[in-house]
Amino acid sequence: MRARLLFSALGLLLTGCDTTEDSCELSPALAPVRPATSTSISASPAISAPLPVPSPRQLVWQERGMLLFVHFGMNTFTGKEWGDGRESPQQFQPLGLQPRQWVEVAQAAGFGGLIFTSKHHDGFSLWPSAYTDHSVARSRWQDGKGDVVRQVTDACNEAGLPCGLYFPLWDRHEPSWGTPAYDDFFVNQLTELLTGYGPLFEIWFDSAHGENVAVPPYDLQRYWNTIRRYQPEAVIANAGPDVRWVGNETGLAGKTQWSEHDGRWYPAECDVSARPSWFWRRREDGRVKSVNTLLEIYFTSVGRNCTLLLNVPANARGVLPGTDVQHLLSLRAALDRLFANNLAFGRSVSASSFRQNDPGWRPEHVVDEHPDTFWTTDDDVTTGWVEIDVGPSRFNVIEVEEAIAYGQRVEAYRVDAWTGTRWRTVSRGTTIGQKKLDRTNLVITEKVRLVIEKSRANPAIRHFGLYEGSCLP
């Protein structure tokens, strides 16, 4: 999709994993699925927030977990990854465009939103832009009267699925690129998208350029101001102030992952394609990432305090291919089964201390499955522990979440299991953030202890979970 960045028909919903090499049987669900999270804060008195904290738009965005990326455009028909802007609009001719299928798949697979390529570096605009001759208006598709962006945003809005748009900084067709006039062109096209298609939750600026291309001085602040004016709830990602690129295109975040960056809240997004390429290629129909690989990516992205942007390109008909859809649904089934039964839910809990001895901050909140409550200590206490009586239980996945509305605090933690005579450490980690998932060898115990060893401020833990999967990537 980019060489480098300047900043860093829908099948049956599967009820379990099959026994193919792409997936594995997970332990059965024995309890209700954890309630969906929200972004409101506990009614208890606010704890101090001496650290950078997310804006409301960033907080909502981090709760989304997984986002579906759909690459579709002129490259789908030319077989290129990066077109040069000299393609004939007549080449764009999807014969069965079905954005509603994209949306149905996204919702069935549990994605928190969909981001679509409104155009790519070739500059072919998938809406009838008034500012270019390189758009769907010059194609044979729907006699030049079609609007792919309209169909996608309408499908999302009708289904209640948040929609975002990919928009590249580099337009290889536009003759004003590299001159001051390009800023006007860029803002004009951006304004068309921001004002004509309903609410957008994310604008994804691709800041990539070809090798040995001199990058012009884009007026980024003007671009950002335009988005804030017309879509104030949208986060600006990649070449933007709200969301940063994790630094690779493999879905891999570091084991230590701060949402704070250079003294401000700047969370990371992991982008990766389910196929070797970002755009659809028939020859890659047999090279879709396996369900086990996608599950591994989930653990190394969402499970490491990042949002996962997973690309599934639409084919030349304009639909998501069957194999890709099957793998997404299998991934969702595997995640649902794995996280359905939190062995710590509702269990007896004690703690080293809790803030002001106020019940509003008691340790029970880490296992009450309520997203707006959490355990914390007095403001000057930056270490501590919570102990959960889980026994007898078996687990090999640990889930921990901070109340990030108050910033990201924990720098080091460990999880201990009681052997009957002593505590044994079964997992260690550094940062937690929105979500941290640790995999361990199978642990059999009656008591578990989360120990906060180091924190930038008093810890604020909203969730602790233990789960068992019969096989994990």
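Residues numbered from 1 in each chain as written. Predicted model: local features only at pLDDT ≥ 70, side-chain atom pairs only at ≥ 80, totals over all residues. Heavy atoms only, no water.

Q: Please give an account of the sheet that holds strand β10 (residues 307–311) that cites residues and values.
A: Spatially, the eight strands line up as an open sheet ordered β5-β4-β3-β2-β1-β10-β9-β6, and their pairing is parallel. The open sheet terminates on both sides in strands that have one partner only, identified here as β5 (235–238) and β6 (244–245). As defined by bridge partners, strand β2 (residues 114–117) adjoins strand β3 (residues 163–168) across four bridges and the pair is classed as parallel. Bridge assignment links F116 to a residue of β3, and that residue is L165. (Pairing = 2+ DSSP bridges. Helix = DSSP H or I, 4+ residues; strand = E, 2+ residues; numbered from the N terminus.)

Q: Which residues make up the environment of V53, and what values do they have?
A: Residue position: V53 is located in the segment before α1 (56–62). For V53, a relative accessible area of 34% corresponds to the partly exposed category. A sequence separation of 355 residues divides V53 from Q408, and the C-alpha atoms of the two residues are 7.6 Å apart. In contact with V53, other than residues within four places in its own chain, are W265, A405, Y406 and G407. (Buried < 20%, exposed > 50% of the residue type's maximum accessible area, 1.4 Å probe, protein only. Contact = heavy atoms within 4.5 Å.)

Q: Break down helix α4 (residues 148–159) for me, with residues and values.
A: Spanning 12 residues, α4 covers 17 Å between terminal C-alpha atoms, matching the ideal 16 Å at 1.5 Å per step. Of the positions making up α4, those classed as buried are V148, V149, V152, T153, A155 and C156. Taken down its axis, α4 places every buried residue within 155° of arc, on the same side. Sitting at the amino-terminal end of α4 is D147, which places a side-chain oxygen 3.2 Å from the backbone nitrogen of V149. Remark: G160 follows α4 within two positions and exhibits a positive phi of approximately 75°. (Expected span 1.5 Å × (residues − 1). Arc of directions from axis to C-beta. Polar contact = N/O pair within 3.5 Å; in protein donor to acceptor, adjacent residues only side chain to side chain.)

Q: Could you give an account of the confidence of the model for the protein, with specific residues and numbers?
A: Summing up the model confidence of the protein, the mean pLDDT is 90 and the portion of residues at 70 or higher is 90%. In the model, residues 1–44 has pLDDT below 50 throughout and makes 120 contacts with residues more than four positions away in sequence or in other chains. (pLDDT = per-residue confidence, 0-100.)

Q: Talk me through the packing of aromatic side chains; I want residue IDs and the actual numbers.
A: Following the criterion strictly, the structure yields 27 aromatic pairs and no others. Taking 6.3 Å as the distance between ring centres and 70° as the angle between the ring planes, the aromatic pair formed by F205 and Y223 counts as edge-to-face. In this pair, F205 is assigned in strand β4 (residues 202–206) and Y223 in helix α6 (residues 220–230), connecting sequence segments 18 residues apart. With respect to class, F205 is no different from Y223; both count as buried. If you follow R64 out to its NZ or CZ, it ends over the ring of F201, 4.8 Å from the centre. Residue placement shows R439 over the ring face of F299; its charged tip is 4.5 Å from the ring centre. (Phe/Tyr/Trp six-rings, centres within 6.5 Å; stacked < 30°, edge-to-face > 60°. Lys NZ or Arg CZ within 6 Å of the ring centre and 35° of its normal.)

Q: An account of the state of the cysteines is needed here, citing residue identities and associated values.
A: Here, disulfide denotes a covalent bond that connects the sulfur atoms of two cysteines. Considering all chains together, one arrives at zero disulfides under this definition. C156 carries a free sulfur, and the closest cysteine sulfur to it, the one in C163, is 3.9 Å from it. Among the residues examined, C156 registers a relative accessible area of 0% and is labelled buried. Using a relative accessible area of 2% as the deciding quantity, one classes C163 as buried. (Disulfide = S-S within 2.5 Å.)

Q: Pulling in residues and values, what's your account of the nonpolar core?
A: The biggest cluster of nonpolar side chains holds 80 residues, and the ones touching the most others in it are W102, F116, V148, F205 and Y223. The next biggest cluster of nonpolar side chains, apart from the first, holds 27 residues, and it includes F354, V366, V448 and L450. (Core = buried A, V, L, I, M, F, W, Y, C linked by side-chain atoms within 4.5 Å.)

Q: Describe the environment of T117, and please don't skip the residues or the numbers.
A: With respect to the helices, strands and loops of the structure, T117 is situated in strand β2. T117 sits 48 residues away from F69 along the chain, and the two C-alpha atoms are 8.2 Å apart. Leaving out residues up to four positions away in the same chain, T117 has contacts with V70, H71, F72, L126 and Y166.

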